[in-house]
Amino acid sequence: MRKYKLAHFNLDNRLNHKKNNAGFTLVEVLIAILLMAFISLQTFRMVDNSTDTKENVLREDRVLLQSLTAVSRLDSDITQLYSPLYSYSKANPASDPNAVYQDNATSRGTFDGKAKNGMIIPQFQSEDKSTLIFLTQANRRKIADAKESRFTWVRYSLRRSEKTNDEPSDEKLPNAGDSELVRQTISSNIFVSDLNWSDVKAQVLMDQVKSVEFSFWDERAKKFTTSLQDLNENKNTVRSMKMDLVWVDENNHEQKIEKVYRILFPYFNTKMDDIKSGGAYGGSTPPPGVPDPNDVQGQGGGANVHY
């Protein structure tokens, strides 16, 4: 009979076998948990920083985009503004032969006399340096068959921001802008003598505005002035204007935009054309009060024109 020898396991083999099946120790588990917590914390910080950076960039872009949109809106209105004085002179003074060339004519509400072609002359109005009113052809009819045309009166102004109920008044930054740049339009019944802006809904173009100033180019003084009356007979034919806009960003830093607008109409000195040809006076001598032609030489669109 063949005999087989049984395998013999000593005590050391049994101990090693038990040791290999023992798993992780408590220290090893704690170290693994600590490493996982550290990796999770760093991952959370990276995601949180990325989110904050994204919000800051979006906030800064929103403020910048808002300012550029406001300037673009004003630019569109100004490039389409309307006045017959860009092509025609004022109508012949009525019956008084000594009447001035309507430079001192009394303003009649929204309009100031008529041009030589019979069209009434809309006024530029600036109640203060932060307000500008003019007639433009930038209107777009929003309701079908509405009694509107492309003509519309536009008013840009600065108003106090309306504080919300959840905004604490004691946390207002000392240099923060607390005003809004708003735009109002009147597109119906535009030939009334007085415009009632108090009942017109305002469109907020920009908030956090600290100041806005409109100024107009004075050809004689060769500088910008904030008073339309300083332009004398040219107060209804503004050729160039400037806007200085100052607002406060999210970090309470002042930002500024200075934009110069030029009217895109050909420059004709219609007044001097009528004086030289005698058209406005029927060949008679210009009445007293008309400026000396030498004072306005060089305004006929040549190389010396400054807008």
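Structure's up top.
Here the structure is a predicted model, which is why all the values come from computation and not from measurement.

A. Quick peek at unusual backbone geometry. With phi around 60°, Lys 222 is a residue other than glycine that occupies positive phi space. Position of Lys 222 relative to the elements: it lies in the loop between β6 (203–218) and β7 (223–225). Look at Asn 232: it is not a glycine, yet its phi comes out positive at around 55°. Accessibility expressed as a relative area gives 40% for Asn 232, which makes it partly exposed.

B. The environment of Asn 117, seen in detail. With respect to the helices and strands, the residue Asn 117 is situated in the loop between β1 (111–114) and β2 (120–122). A sequence separation of 28 residues divides Asn 117 from Ser 89, and the C-alpha atoms of the two residues are 8.4 Å apart. When sequence neighbours within four positions are dropped, the list of residues in contact with Asn 117 reads Pro 84 and Tyr 88. Engagement of the side chain of Asn 117 in a polar contact is seen with the backbone nitrogen of Met 119, the distance being 3.3 Å.

C. Main features of the environment of Tyr 88. Summarising the element assignment, Tyr 88 is placed in the loop between α2 (26–79) and β1. On the basis of relative accessibility, which here comes to 40%, the residue Tyr 88 falls in the partly exposed class. Setting aside residues up to four positions removed in sequence, Tyr 88 forms contacts with Ala 115, Lys 116, Asn 117 and Thr 270.

D. How the structure looks around the nonpolar core. Within the largest apolar cluster, 29 residues are counted, with the highest numbers of intra-cluster contacts made by Ile 78, Phe 124, Phe 134, Phe 214, Phe 216, Met 241 and Met 243. Counting only elements with at least two residues in this core, the list comes to α2, β3 (132–136), β4 (152–160), β6, β8 (240–248) and β9 (254–262). At 6 residues, the largest contribution of residues to this core is made by β6. Apart from the residues within four sequence positions on either side, Met 243 is in contact with Val 71, Leu 74, Val 212, Glu 213, Phe 214, Ile 257, Glu 258, Lys 259 and Tyr 261. Counting residues in each nonpolar core, the second largest holds 10 residues, with Tyr 82, Ile 133, Ile 190 and Trp 197 among its members.

E. Here's a closer look at the pattern of salt bridges. Enumeration over the complete set of coordinates arrives at 10 salt bridges. For Lys 259, the salt bridge identified is with Asp 75, shortest N-O distance 3.5 Å. Of the two residues, Lys 259 sits in strand β9 while Asp 75 sits in helix α2, which places them 184 residues apart along the sequence. What makes Asp 75 partly exposed here is its relative accessible area of 26%. For Arg 220, the salt bridge identified is with Glu 233, shortest N-O distance 2.8 Å. Of the two residues, Arg 220 sits in the loop between β6 and β7 while Glu 233 sits in the loop between β7 and β8, which places them 13 residues apart along the sequence. In this structure Glu 233 comes out as buried when scored by relative accessible area, which is 14%.

Here is what the cut-offs are and how they apply
All chains use their own residue numbering, which begins from 1 and follows the written sequence. In keeping with the model being predicted, local features are shown solely for residues with a pLDDT of at least 70 and side-chain atom pairs are shown and tallied solely at 80 or more, while totals for entire chains, interfaces and linings include all residues. For the side-chain quantities, the full set of heavy atoms in the structure was used; hydrogens and water were omitted. Each helix is a run of H or I in the DSSP string that is no shorter than four residues. Each strand is a run of E no shorter than two, and both are numbered from the N terminus. Relative accessibility thresholds used throughout: buried, under 20% of the residue-type maximum; exposed, over 50%; partly exposed, between the two (1.4 Å probe, protein chains only). By definition in these notes, contact holds between two residues if any of their heavy atoms fall within 4.5 Å. Pairs of N or O atoms are called polar contacts if they sit within 3.5 Å, as long as, within protein, a hydrogen donor faces a hydrogen acceptor (for residues adjacent in sequence, only side-chain-to-side-chain pairs). Among buried residues, those of type Ala, Val, Leu, Ile, Met, Phe, Trp, Tyr and Cys that are joined through side-chain atoms within 4.5 Å constitute a nonpolar core. Salt bridges are counted wherever a side-chain nitrogen of Lys or Arg sits within 4 Å of a carboxyl oxygen of Asp or Glu.

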